[in-house]
Amino acid sequence: MKQMTISTIALLGAVLAASPALAEHPHPHSHSIAQTDAPAVTELAPGVGLLIGQDGNVVLVSDPRGVLIIDDQRPRSAPAIVAAANGPITHVINTHWHLDHSGGNAILGEGGTEIIAHRNVRARLMVDQFMAAYNRTVPASPAIAWPTIVFDERLTIHHGDETIRLLHTPAAHTDGDALVYLERADVLHMGDLYFNGLFPFIDRSSGGTIDGLIAAIDVALGMAGERTHVIPAHGAPAMRADLVAWREMLATVRGRVAREKDAGHSLAQIVAAGLTAGYTLGGDADRFVSAIYDSLPPSASTTRP
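Below, the structure is looked at part by part.

How each quantity is defined
Sequence order sets the numbering: in each chain, residues are counted from 1 along the sequence as written. This being a predicted model, a pLDDT of at least 70 is required before a residue's local features are given, and a value of 80 or more before pairs of side-chain atoms are given or counted; all residues contribute to the totals for chains, interfaces and linings. Note: side-chain values were computed over all heavy atoms of the structure, leaving out hydrogens and water. By definition, any uninterrupted DSSP run of H or I lasting at least four residues is a helix, any uninterrupted run of E lasting at least two residues is a strand, and each is numbered from the N terminus. Accessibility here uses a 1.4 Å probe with only protein chains present; expressed as a share of the type maximum, an area under 20% marks a residue as buried, one over 50% as exposed, and anything in between as partly exposed. Here a residue-residue contact requires only that any non-hydrogen atoms of the pair lie within 4.5 Å. The protein chains shown are the only cover counted for residues, whose accessible areas, like all others here, come from Shrake-Rupley with a 1.4 Å probe. Note on geometry: axes are lines fitted to C-alpha atoms, helical ones only across the stretch in contact, with angles between N-to-C directions running from 0 to 180 degrees. Oblique is the label for every angle not falling under 35 degrees (roughly parallel), over 145 degrees (roughly antiparallel), or within 65 to 115 degrees (roughly perpendicular). The handedness criterion is simple: a crossing whose near helix is rotated anticlockwise from the far helix by less than a right angle is left-handed, and one whose near helix is rotated clockwise is right-handed. Under the scheme applied here, ten amino acids are nonpolar (Ala, Val, Leu, Ile, Met, Phe, Trp, Tyr, Cys and Pro), four are charged (Asp, Glu, Lys and Arg), and all others, including Gly, are polar. To obtain the arc, one takes the directions from the helix axis to the C-beta atoms. Polar contact criterion, stated in full: a pair of N or O atoms within 3.5 Å, where within protein one must be able to donate a hydrogen and the other to accept it, and residues adjacent in sequence count only if both atoms are side-chain atoms. Throughout this description, the term nonpolar core refers to a set of buried Ala, Val, Leu, Ile, Met, Phe, Trp, Tyr and Cys residues connected via side-chain atoms within 4.5 Å.

**Points about the overall build of the protein**
Turning to step 1, where the next piece is worked out: Within the protein, the regular secondary structure consists of eight helices and 15 strands.
Turning to step 2, where the next piece is worked out: Burial analysis of the protein (305 residues in total) assigns 51% to the buried set.
Turning to step 3, where the next piece is worked out: Long-range contacts, defined here as pairs at least 24 residues apart, represent 64% of the contacts in the protein between residues at least 6 apart.
Turning to step 4, where the next piece is worked out: Of the roughly 12500 Å² of accessible surface on the protein, a fraction of 53% belongs to carbon and sulfur atoms.

**Side note on the environment of Thr276**
Turning to step 1, where the next piece is worked out: Tracing the backbone through its elements, the reader meets Thr276 in the loop between α7 (267-272) and α8 (285-295).
Turning to step 2, where the next piece is worked out: Ignoring sequence-local partners within four residues, the contact set of Thr276 consists of Phe199, Val253, Arg256, Ala285, Phe288 and Val289.

**Some points on the packing of helix α5 (residues 210-223) against helix α6 (residues 240-262)**
Turning to step 1, where the next piece is worked out: As a packed pair, α5 and α6 sit with axes 10 Å apart at the nearest point and diverge in direction by 160°. In terms of orientation, α5 and α6 fall into the roughly antiparallel class. In this structure, α5 meets α6 at a crossing whose hand is left-handed. Along the contact surface, α5 presents Ile210, Asp211, Leu213, Ile214, Ile217, Asp218, Ala220 and Leu221, while α6 presents Arg240, Leu243, Val244, Trp246, Arg247, Leu250, Ala251 and Arg254.
Turning to step 2, where the next piece is worked out: Per-class residue counts for the contact of α5 with α6 are eleven nonpolar, no polar and five charged.

**Some thoughts on α8**
Turning to step 1, where the next piece is worked out: Within α8, burial applies to Ala285, Phe288, Val289, Ala291, Ile292 and Ser295. On an axial view of α8, the arc spanned by its buried residues comes to 160°, and they lie on one face.
Turning to step 2, where the next piece is worked out: Looking at the buried side of α8, the elements it contacts are α5, α6 and α7.
Turning to step 3, where the next piece is worked out: The opening residue of α8 is Asp284, an N-cap whose side-chain oxygen sits 3.2 Å from the backbone nitrogen of Asp286.

**A few points about the nonpolar core**
Most often, soluble globular proteins keep nonpolar side chains buried together rather than apart.
Turning to step 1, where the next piece is worked out: By size, the foremost hydrophobic cluster in this structure holds 46 residues, and its most contacted members are Met190, Leu243, Leu250 and Phe288.
Turning to step 2, where the next piece is worked out: Elements with a contribution of two residues or more to this core: α4 (119-125), β13 (178-182), α5, α6 and α8.
Turning to step 3, where the next piece is worked out: Discounting residues that sit within four places of it in the chain, Leu243 has contacts with Met190, Tyr194, Ile217, Ala220, Leu221 and Val230.
Turning to step 4, where the next piece is worked out: Counting residues in each nonpolar core, the second largest holds 22 residues, with Ile70, Phe151, Ile164 and Val187 among its members.

Printed below as a string of structure tokens:
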């Protein structure tokens, strides 16, 4: 697909201002966003900050005309994000559809914020989603929360002095994941393609696969240099070497599960076999192994990455 380019512009109606400026520039839907003290933001580069949020990591890219953010967590996180932005939020990029990454869309969208994501993110937010891993149905989001700018393979955004490249990684954590790379700041936001310190969640109900996840990490490693700030959606900021270790873990556990599956063992037997041994990570190891088993092809070991 031909690459598209957009330039961010001031959206005069998108006034999501932080305290104390809120009194001077009230949000048009200020009843939805309670005032809060500005949370700590770590500077990654001039004009680029990181908010370690309650529901995930948010990158903020500032420009005199407004702030672009990457992911907006859940609705409860909106006050902290607005305070951290300390100015109008003109654009938000959703790295995928899950509501701890797109849950603030409706609140921001009401203020005029443009929402950017892969086409599959919009498609999934438009209708109810059943997540088998949690045995729950996530209701469709209201129209105001749907992405207004969508892309298929890649998209380039120019926000002030920063060039932001979005790249779709198919069938990885979901079917709508995007790597987001800030060229000048040398920052790579990976969404849920990378859980630092945790076993990953592969959302099989949303088209995620282990092989797609490993392929996505390979793409990310090709984008990241030794000094790149690698930002997981959850967990502490990392560097390229951490991503290399993450890739090794994914491939190793995948290989173990593949051998057991090819040997004819059942899912229950494979989960009970402790195939994540040697990796001390948080999160749900059994769910990780189950997702690998479910997403492997019939002759799993013959296509091992």
